Amino acid sequence: MRRQKLSPLSIADCQNTDLMEQYQPILRRLEKTAKQYTNIAPENGQFLSILIRAIQAQNVLEIGTSNGYSAIWLAAALKETGGRLITLEFDPARAAEAKAHLQEVGLDSIVEIRVGNALDEIPKCNATFDLVFLDAEKHEYRRYLELALPNIRPGGLIVADDTVTMRDEMPDYIEFVFNTPTLHSVDIPLDDGVILSYKIGD
Ligand SMILES: C[S@@+](CC[C@H](N)C(=O)[O-])C[C@H]1O[C@@H](n2cnc3c(N)ncnc32)[C@H](O)[C@@H]1O
């Protein structure tokens, strides 16, 4: 029997089979103002989405919401895993925009936007996190992580954004994630760069 030759998938085919399909219109729209709102790149959104689905994350913490672009990627994946997102933003206007965007795509019920300084808000979070995404002030990354670390489960993940382009603003974070024995970390040159860390224990 002759094998049927498969035609290669186009990008559109891949997108059509992806769970993100229904969120594509708002993501494409928000990408037009990505510079203004300092949003992550789409490939970093896809990376986070894959991680959340791979570890079947239930609780995710995002530090730095802006207008909610990355929160849509995170929450869409969490909708599939049955999980929830807490996202922290100190600018009330940006938090309001994020809320409106999440409402527009029906993801607001699984996202809690907390308006305040992350340095004050992180210690108030009493969930155990499967994944923490750092994307606020670069020079505060180490403090954010040190505050969040007790609430990250063993086997939990930490993703820090802008670790190539803004690396000189986070020397203490770099030192911490590559020298703490309970963290395994790797640099990934995805867009502006991310460092993925794995917590092996307390
Ligand atoms: C790079 S933007 C976040 C982009 C967002 N993650 C996305 O990709 O859509 C950083 C955001 O963090 C907020 N931010 C900075 N420092 C903060 C702090 N200490 N606490 C809470 N939010 C903070 C800023 O107002 C800004 O909206």
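Residues numbered from 1 in each chain as written. Predicted model: local features only at pLDDT ≥ 70, side-chain atom pairs only at ≥ 80, totals over all residues.

J.: Report on the packing of helix α7 (residues 141-148) against helix α8 (residues 171-179), specifying residues and quantitative values.
T.: Running from N to C, α7 and α8 cross one another at 40°; their axes reach a closest spacing of 7 Å. One element, α7, and the other, α8, form an angle in the oblique class. On the side of α7, the interface is formed by Y141, R142 and L145, while α8 contributes D172, Y173 and F176. By residue class, the composition of the contact of α7 with α8 is four nonpolar, no polar and two charged. (Axes fitted to C-alpha atoms, helices over the stretch in contact; angles between N-to-C directions. Helix = DSSP H or I, 4+ residues; strand = E, 2+ residues; numbered from the N terminus. Parallel < 35°, antiparallel > 145°, perpendicular 65-115°, else oblique. Contact = placed C-beta atoms within 7 Å. Nonpolar A, V, L, I, M, F, W, Y, C, P; charged D, E, K, R; others polar.)

J.: Got a sec to walk through the nonpolar core? Specific residues and values, please.
T.: Within the largest apolar cluster, 50 residues are counted, with the highest numbers of intra-cluster contacts made by V60, L74, A75 and L134. For this core, the element with the most residues is helix α4 (residues 69-81), which contributes nine residues. Beyond its immediate chain neighbours, meaning those up to four positions away, L134 contacts I63, Y141, Y144, L145, I158, A160 and D161. (Core = buried A, V, L, I, M, F, W, Y, C linked by C-beta atoms within 7 Å. Buried ≥ 20, exposed ≤ 12 C-beta atoms within 10 Å, placed from the backbone.)

J.: Before we move on, could you go through the packing of helix α3 (residues 42-54) against α4 and cite the residues and values that matter?
T.: At a minimum axis distance of 9 Å, the contact between α3 and α4 shows a crossing angle of 25°. As summarised for this structure, α3 and α4 are arranged roughly parallel, according to the angle between their axes. Viewed along their axes, α3 and α4 form a crossing whose handedness is right-handed. Seen from α3, the contacting residues are G45, L48, S49, I52 and R53; seen from α4, they are S70, W73, L74, A76, A77, L78, E80 and T81. Of the residues belonging to the contact of α3 with α4, the class tally is seven nonpolar, four polar and two charged. (Left-handed = near helix turned anticlockwise from the far one by under 90°.)

J.: Please set out the site of the ligand residue by residue, giving values where relevant.
T.: Close contacts around the ligand come from 18 residues, with G64, S66, Y69, S70 and A118 the closest. Counting residues per element, the ones that place at least two in the shell around the ligand are α4, β2 (84-89) and α6 (118-121). For the shell around the ligand, a count of residues per class yields seven nonpolar, six polar and five charged. (Near = placed C-beta within 6 Å.)

J.: Got a sec to walk through the environment of A127? Specific residues and values, please.
T.: Topologically, A127 is positioned in the loop between α6 and β4 (129-134). Dropping the residues within four chain positions of it, A127 is found in contact with N59, I86 and N151.

J.: Can you tell me about the sheet that holds β2, naming the residues and giving the values?
T.: The mixed open sheet is built from seven strands, whose spatial order is β3-β2-β1-β4-β5-β7-β6. Strands at the two margins of the open sheet, each flanked by one partner only, are β3 (111-115) and β6 (183-188). With strand direction ignored, the average angle separating the axes of adjacent strands in the sheet is 15°. The pairing of strand β5 (residues 152-161) with strand β7 (residues 194-199) spans five bridges and is antiparallel. Across the sheet, the residue bridging to D161 is V194, located in β7. Lying on the sheet, helix α5 (residues 92-104) is in contact with β2 and β3; it crosses β3 at an angle near 170°. In the packing of α7 onto the sheet, contacts are made with β1 (59-63), β4 and β5, and the angle to β4 comes to roughly 165°. (Pairing = 2+ DSSP bridges.)

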